[in-house]
Amino acid sequence: MRINKLHTQILALVFAIFGTVSTSSIGQPAKTVAAANPQKPTITVLHCGNVFDGSRLALLGEHSIRIEGNRIAAIQRGLVVLPGAGVIDLKAHTCLPGLIDLHVHLSMDSTNNLSTEMLTLSPTDFALRAVPNAQKTLLAGFTSVRDLLSPQTVMLSVRNAVNQGRINGPRIQVAGGVATPGGHIDIFAPGLRADLSGNPGPEKNIITGPDEAARVVRQFYRDGVDLIKIASTGGVLSLGRSGDAPQLTDAELTAIVATARDYRLPVACHAHGKEGMLRAIRAGVTSIEHGSYLDEEVIAAMKEKGTWLVPTISAGRYVAETAKPVGSFPDVVRMKALAIGNLIQAAFGRAYKGGVKVAFGSDTGVSPHGENAQEFEYMVEAGMPPLEALRAATLSAATVMGMQQQLGTLEVNKLADIVAVPGDPAADIRLMRKVSFVMKDGVVFKKP
């Protein structure tokens, strides 16, 4: 997980293949934007039939949003005409802040053979997946994401290329993963021949003990990651037998979180089992991802510590359904998928009703890219009102990213990340899968 010449070579290949990127969605006429030089109109006015306010949990009716450069310059009631400005007609649409998905894996495609791919695919292979997946994510209305560990961490280079305007994609925060020997993030180790797996240590981000944990976090800061990801329990798609057993000690967790806090790096914690969640919450992680076996004791601890839950219901339901046929996954993975996958939605429902802070995350890469918005439907099914689900993917998610001053609500001086859907998503949350307009940083990537 180091930035090196290989990443430069990867991106050279990516740019050669994806020099221009289609900004249309399936079924719409192709509209090509040169990735290196997107056109930025000086002033644009959006005529919105409705506007979502996540702070007040309300739809505010007709408004005009004036964009200057990459910022929101004004928001006015009614349909305001500004001489000389470009106008985009969204009068039949609801405008929202750009959506945020806090848990994606852009360089992974939903697969039943992840462990083999980790051993056989190169960093170039993963980069060539990440570029079109980033585009799918952006066109689905998700203008910002956290990539919570992609193989080989080519995402550092992809993130930088997006920021430089070389390729189209969402704003990306990249995680560095701290693993224990044979743990969930050490995804291909269990069962691999000893002469191939060896005995990796901190140089491979595999830690035993608090000193090694702190060392790896410091190296990730040096590499330029935006946050740290840990796994305090086993997982579903890795080859370890248990999906819920704890995998980090209290001392290791304390060292990771304390060191990350020194460097202002949030810590996202993959956790299914109760004990692993409680240890991580006590240590002060920013978020629990998944939370499958969450109960009243975990809810109380999360509320006391202010820990966020990022539920990822989509991934749980996807793997549970995919695992039904015999042979769909390796046996050890299939049994875990059937046992754990369908627990996540009910756990989310308990957390929401218990008052835990919730922010949006789908775990796409496990589930298919571009279908992130299905998570809204699952959240509403579990008891969250539609407007609260929308807030989870806007203001709440921006807060978890530490970007609430820039993103998450439609306000003057915030970044012009704006999406729109036809109709009223408060009445039909399924409309969130029909995003018809996407603007990121003042640049239009999709419109009706």
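Above this text you will find the structure in question.
Please read these numbers as outputs of a predicted model, since none were measured by experiment.

Analysis parameters
Residues numbered from 1 in each chain as written. Predicted model: local features only at pLDDT ≥ 70, side-chain atom pairs only at ≥ 80, totals over all residues. Heavy atoms only, no water. Helix = DSSP H or I, 4+ residues; strand = E, 2+ residues; numbered from the N terminus. Buried < 20%, exposed > 50% of the residue type's maximum accessible area, 1.4 Å probe, protein only. Contact = heavy atoms within 4.5 Å. Phe/Tyr/Trp six-rings, centres within 6.5 Å; stacked < 30°, edge-to-face > 60°. Salt bridge = Lys/Arg side-chain N within 4 Å of Asp/Glu carboxyl O. Disulfide = S-S within 2.5 Å. Expected span 1.5 Å × (residues − 1). Pairing = 2+ DSSP bridges. Polar contact = N/O pair within 3.5 Å; in protein donor to acceptor, adjacent residues only side chain to side chain.

1. Regarding the overall build of the protein
Okay, so step 1: Broken down by element type, the protein carries 15 helices and 18 strands.
Okay, so step 2: Each of the 448 residues in the protein was classed as buried or not, and the buried ones make up 57%.
Okay, so step 3: A fraction of 70% describes how many contacts in the protein between residues 6 or more apart in sequence connect residues 24 or more apart.

2. Thoughts on the packing of aromatic side chains
Okay, so step 1: By the definition in use, this model includes 4 aromatic pairs.
Okay, so step 2: Relative to Tyr 352, the ring of Phe 348 has its centre 6.5 Å away and its plane inclined at 20°; by these criteria the two rings are stacked. With Phe 348 and Tyr 352 both in helix α12 (residues 343-353) and 4 residues apart, this pair spans about one turn of that helix. The two residues Phe 348 and Tyr 352 agree in class, both being buried.
Okay, so step 3: Here a set of aromatic residues connected by ring pairs shows up, and it is made of Phe 142, Phe 360 and Phe 376.

3. What to know about the environment of Gly 354
Okay, so step 1: Along the chain, the position of Gly 354 falls in the loop between α12 and β15 (357-358).
Okay, so step 2: Here Gly 354 falls in the partly exposed class, since its relative accessible area comes to 22%.
Okay, so step 3: Measuring from C-alpha to C-alpha, the distance between Gly 354 and Ala 300 comes to 8.3 Å, with 54 residues separating the pair along the chain.
Okay, so step 4: Those residues in contact with Gly 354, other than ones at most four positions away along the chain, are Ile 299 and Lys 303.

4. Re the pattern of salt bridges
Okay, so step 1: The tally for this structure, following the rule as stated, stands at 17 salt bridges.
Okay, so step 2: As a salt-bridge pair, Arg 171 and Asp 417 come within 2.6 Å of each other at their nearest N and O atoms. Taken together, the residues span a long stretch of sequence, with Arg 171 in strand β10 (residues 171-178) and Asp 417 in the loop between α15 (395-400) and β16 (418-422) at a distance of 246 residues.
Okay, so step 3: Owing to a relative accessible area of 11%, Arg 171 belongs among the buried residues under this scheme.
Okay, so step 4: The salt bridge partner of Asp 250 is Arg 282, with a shortest N-O separation of 3.4 Å. One end of the pair, Asp 250, is in helix α7 (residues 250-262); the other, Arg 282, is in helix α8 (residues 274-283), with 32 residues separating them in the sequence.

5. Side note on the state of the cysteines
Two cysteines, two sulfur atoms, one covalent bond between them: this is a disulfide.
Okay, so step 1: One pass over the full model with this rule turns up 1 disulfide.
Okay, so step 2: The residue that forms a disulfide with Cys 48 is Cys 95, at a sulfur-sulfur distance of 2.2 Å. Taking the torsion about the sulfur-sulfur bond, which here is approximately -90°, the covalent link between Cys 48 and Cys 95 counts as left-handed. Within this pair, whereas Cys 48 is found in strand β3 (residues 43-53), its partner Cys 95 is found in strand β7 (residues 86-97), the two being separated by 47 residues in sequence.
Okay, so step 3: The buried category is assigned to Cys 48, whose relative accessible area is 0%.
Okay, so step 4: Exposure remark for Cys 95: the relative accessible area of 0% places this residue in the buried category.

6. Let's talk about helix α6 (residues 210-223)
Okay, so step 1: Between its first and last C-alpha, α6 extends 20 Å over 14 residues, near the 20 Å set by a 1.5 Å rise per residue.
Okay, so step 2: Just past α6, the residue Gly 224 takes up positive phi, approximately 105°.

7. Observations concerning the sheet that holds strand β11 (residues 227-231)
Okay, so step 1: Taken together, 8 strands build an open sheet; the order of strands is β8-β9-β10-β11-β12-β13-β14-β15 and the sheet is parallel. Lying at the two open borders of the sheet, with one neighbouring strand each, are β8 (99-104) and β15.
Okay, so step 2: Taken together, the 4 bridges between β10 and β11 define a ladder with parallel strand orientation. Residue pairing in the sheet places Gly 176 in a bridge with Ile 228 of β11.

8. Describing the side chain of Asn 133
Okay, so step 1: Tracing the backbone through its elements, the reader meets Asn 133 in helix α3 (residues 123-139).
Okay, so step 2: Take Asn 133: its relative accessible area is 3%, and that puts it in the buried class.
Okay, so step 3: In terms of polar contacts, Asn 133 uses its side chain to reach the side chain of Asp 109, at 2.9 Å.
Okay, so step 4: Residues contacting Asn 133, with those up to four places away along its chain left out, are Leu 106, Met 108, Asp 109 and His 369.

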